[in-house]
Amino acid sequence: MDPIFIYTMKVRDYECDTQGHVNNANYQHYFEVTRHEFLEKVGLNFYQLHKQGIDAVVSRVEIRYKVPLIGMDRFICTVSRLERVGLKYIFHQEIVRQSDNVLCARAKIEVVNLVNGKLSQPEVFDEAFKEYI
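Structural notes, computed from the coordinates.

Cut-offs applied
- Residues numbered from 1 in each chain as written.
- Predicted model: local features only at pLDDT ≥ 70, side-chain atom pairs only at ≥ 80, totals over all residues.
- Heavy atoms only, no water.
- Helix = DSSP H or I, 4+ residues; strand = E, 2+ residues; numbered from the N terminus.
- Contact = heavy atoms within 4.5 Å.
- Areas by Shrake-Rupley, 256 points an atom, 1.4 Å probe, with all protein chains shown as cover.
- Lys, Arg positive; Asp, Glu negative; His and termini not counted.
- Charge placed at Lys NZ, Arg CZ, Asp CG, Glu CD.
- Buried < 20%, exposed > 50% of the residue type's maximum accessible area, 1.4 Å probe, protein only.
- Polar contact = N/O pair within 3.5 Å; in protein donor to acceptor, adjacent residues only side chain to side chain.
- Core = buried A, V, L, I, M, F, W, Y, C linked by side-chain atoms within 4.5 Å.
- Disulfide = S-S within 2.5 Å.

Of the regular secondary structure elements, the chain holds three helices and six strands. Going from N to C terminus, the chain has its helices and strands arranged as β-α-α-β-β-β-β-β-α. Once the C-alpha set of the chain is aligned to its principal axes, its extents read approximately 45 × 30 × 25 Å. Partitioning the intrachain contacts of the chain with sequence separation of at least 6 by distance along the chain shows that 69% fall at a separation of at least 24. Accessible surface computed for the chain: about 7,700 Å², of which carbon and sulfur atoms make up 48%. Of note, the chain has its 17 positive side-chain charges centred 3 Å away from the centre of its 18 negative side-chain charges.

Below, the structure is given as structure tokens:
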């Protein structure tokens, strides 16, 4: 199945550890950047939503590391699938190195919606994501 969203990035040297691999925490940054870009694609601006009192916040992250990225690698980060379970959205994401199409990391990231600080139905997201669920 083709991903529903693809975003291309490149590893920057300062994201690597002393072993020359991308530090594990940076994968979470890559996944987050991709989710924010996906929101832009569906017409939602993270900052504008916040100004309206609507915040999508991560409630759980599960990352499986497969093959390390290294400095200057180009890669794609995807939203491969999106599902709605109760009050949360679950983003299934992958990072794939472009030079050899190798899967480097896979994530399952759960996001909930707060309206004025209270857990709420993600109605604005339901509307924006309707063609992807």
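This next bit is on the side chain of Glu 110. The topology assignment puts Glu 110 in strand 5 (residues 102-115). Taking relative accessible area as the criterion, Glu 110 reaches 11% and is therefore assigned buried. Within the structure, Glu 110 has its side chain in polar contact with the side chain of Lys 88 (distance 3.3 Å). Aside from chain neighbours lying at most four places away, what touches Glu 110 is Val 57, Val 58, Ser 59, Arg 60, Lys 88, Tyr 89 and Ile 90.

The next thing to look at is the nonpolar core. Residues Tyr 30, Phe 31, Phe 38, Leu 69, Ile 95, Phe 125 and Phe 129 are the most contacted members of the largest nonpolar core, which totals 32 residues. Those elements that provide at least two residues to this core are strand 1 (5-10), helix 1 (24-41), strand 2 (54-65), strand 3 (74-85), strand 4 (88-97), strand 5 and helix 3 (123-129). Residues in contact with Phe 125, not counting those within four places in the same chain, are Leu 39, Leu 44, Leu 49, Ile 54, Ala 56, Tyr 89 and Asn 113.

According to the stated counting rule, one finds zero disulfides in the structure shown. Here Cys 16 is not cross-linked by a disulfide; its sulfur's nearest cysteine counterpart is in Cys 104, at 12 Å. Note on Cys 77: no disulfide assigned, nearest cysteine sulfur contributed by Cys 104 at a separation of 11 Å. Take Cys 77: its relative accessible area is 0%, and that puts it in the buried class.

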